[in-house]
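Breakdown of the fold
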Amino acid sequence: MSVEHTVEKTADRFDFDTREFRTALGQFATGVTVVTAQDGESGYIATTASSFNSVSMDPPLILWSIDNGARSLPAYEKAEHFVVNILAADQVGVSNHCARQQEDKFADLDFDLNAYGVPALRGCSAYFHCKTRYLYEGGDHTIIVGEVLQFEASERDGLLFHQGRYSVSDAHPVVTAAAKPEDLEEESFAANYLHYLVGRCFYQLMDKLDIMLEKQDINQDEYRVLASFSGLQDADYDTLLHYTLLATPKLLPVLDGMIERGLLQKTGNSYSLTQAAQNLLIPLMAMAKSNEADMLGTFSGEQAQQLKHMLRRAIAWTA
Ligand SMILES: Cc1cc2nc3c(=O)[nH]c(=O)nc-3n(C[C@H](O)[C@H](O)[C@H](O)COP(=O)(O)O)c2cc1C
């Protein structure tokens, strides 16, 4: 969808819908943190915050902002130190827990105290141990800038927040395409040759499907004919040539054989499935879909759609 730019100079004060503003901000993907600090003598505070960002390398500064209505604000304002706990992908529960106002958030949390007596939550993907440096007014939020005294990072994937919901990161297809294929030598001609890649993928998928087809006593050619009828009542020879991808000399004997086996019937130039074949079609399509899902399971939903889209384009281009 394209964005129409209708920006006009308006009055100095904003005049737009706050919900729409929030939605637009949600287009910016962030990580999720829980900022922790000591609350006087009595206890500890924890606030889920996605407003974390880096500020400076030298000195090492980071910031986050807290709602002026948050109960824990006065304690953060007083705290000399705080920890930014960068949540890992499996810590949605921790994020929700620390985003709820409640008496003692730490009763249900696993944590260790750092050298400054501030809790660091267990299982996070990174930690920034900070000294509170500056507080700034930022409208209805207070911006807290911390100097990083120490940090720790793990290999764990971080939790993301995007378009108003939790998310996990996945490498962009541009990056994965450039990555070294696991079982193919990068330098080999085949590893970079589209014909080979498409062909090998096709044959490997068909080999897996074959095991399933054998159970239904159907061979690959017959399967291609049956699958061509999904969504069609009947089909002529040319339509079947188009969908089965079988060469002309091969298709006719396959069709004749299927008529003999009671799977196909022919009226004039038109072929249709017998009741026996129709009964086979649903389990066969389910098998084919599970075969496809096995392979696409290695991709994210978006990558899978992109892969299919690109293949359709390649097919249209080479037709
Ligand atoms: C994903 C997510 C991100 C949040 N980011 C912020 C934030 O950056 N700043 C903030 O003040 N509140 C943020 N909140 C809301 C606070 O976590 C929540 O209002 C706060 O912890 C309430 O507890 P308190 O009033 O006891 O401090 C966020 C909540 C969620 C679920």
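Data block above holds the structure.
As a starting point, this report considers the structure included with it. What you are looking at is a predicted structure, and each value in this text was computed from that prediction instead of being measured. (Residues numbered from 1 in each chain as written. Predicted model: local features only at pLDDT ≥ 70, side-chain atom pairs only at ≥ 80, totals over all residues. Heavy atoms only, no water.)

On to the side chain of Thr33, then. Position of Thr33 relative to the elements: it lies in strand β2 (residues 33-39). At a separation of 2.6 Å, a polar atom in the side chain of Thr33 contacts the main-chain carbonyl oxygen of Ala49. (Helix = DSSP H or I, 4+ residues; strand = E, 2+ residues; numbered from the N terminus. Polar contact = N/O pair within 3.5 Å; in protein donor to acceptor, adjacent residues only side chain to side chain.)

Turning our attention to unusual backbone geometry. Following Asp58, the chain continues to Pro59 via a peptide bond in cis, the omega torsion being 5°. In this structure, Gln163 is a non-glycine residue whose phi angle is positive, near 55°. Topologically, Gln163 is positioned in the loop between β11 (159-162) and β12 (165-168). In this structure, Leu245 takes a positive phi of about 60° despite not being glycine. One can find Leu245 in the loop between α7 (237-244) and α8 (248-260).

The next point concerns the site of the ligand. In the vicinity of the ligand lie 17 residues, with Thr48, Ser51, Ser65, Asp67 and Ser72 positioned nearest. Contact distances for the ligand include 2.9 Å between an oxygen atom and a backbone N or O atom of Cys98. Against a free-state accessible area of 630 Å², the protein chains account for coverage of 81% of the ligand. For the shell around the ligand, the secondary-structure elements that each account for two or more residues are β3 (43-49), β5 (61-67) and α3 (92-99). (Near = heavy atom within 4 Å. Areas by Shrake-Rupley, 256 points an atom, 1.4 Å probe, with all protein chains shown as cover.)

Bringing the packing of helix α6 (residues 220-228) against helix α9 (residues 275-296) into the picture now. Taken N-terminus to C-terminus, the directions of α6 and α9 make an angle of 100°; their axes are 10 Å apart at the nearest point. Accordingly, the angle class assigned to the pair α6 and α9 is roughly perpendicular. When α6 is examined against α9, the residues Tyr223, Leu226 and Ala227 are found in contact with a partner set consisting of Ala277, Leu281, Leu284, Met285 and Ala288. Here the residues of the contact of α6 with α9 are counted per class, giving eight nonpolar, no polar and no charged. (Axes fitted to C-alpha atoms, helices over the stretch in contact; angles between N-to-C directions. Parallel < 35°, antiparallel > 145°, perpendicular 65-115°, else oblique. Contact = heavy atoms within 4.5 Å. Nonpolar A, V, L, I, M, F, W, Y, C, P; charged D, E, K, R; others polar.)

A word on the environment of Ala99. Assignment of secondary structure puts Ala99 in helix α3. Assessed through its relative accessible area of 54%, Ala99 is described here as exposed. Separated by 65 residues in the primary sequence, Ala99 and Val34 place their C-alpha atoms 8.7 Å from one another. (Buried < 20%, exposed > 50% of the residue type's maximum accessible area, 1.4 Å probe, protein only.)

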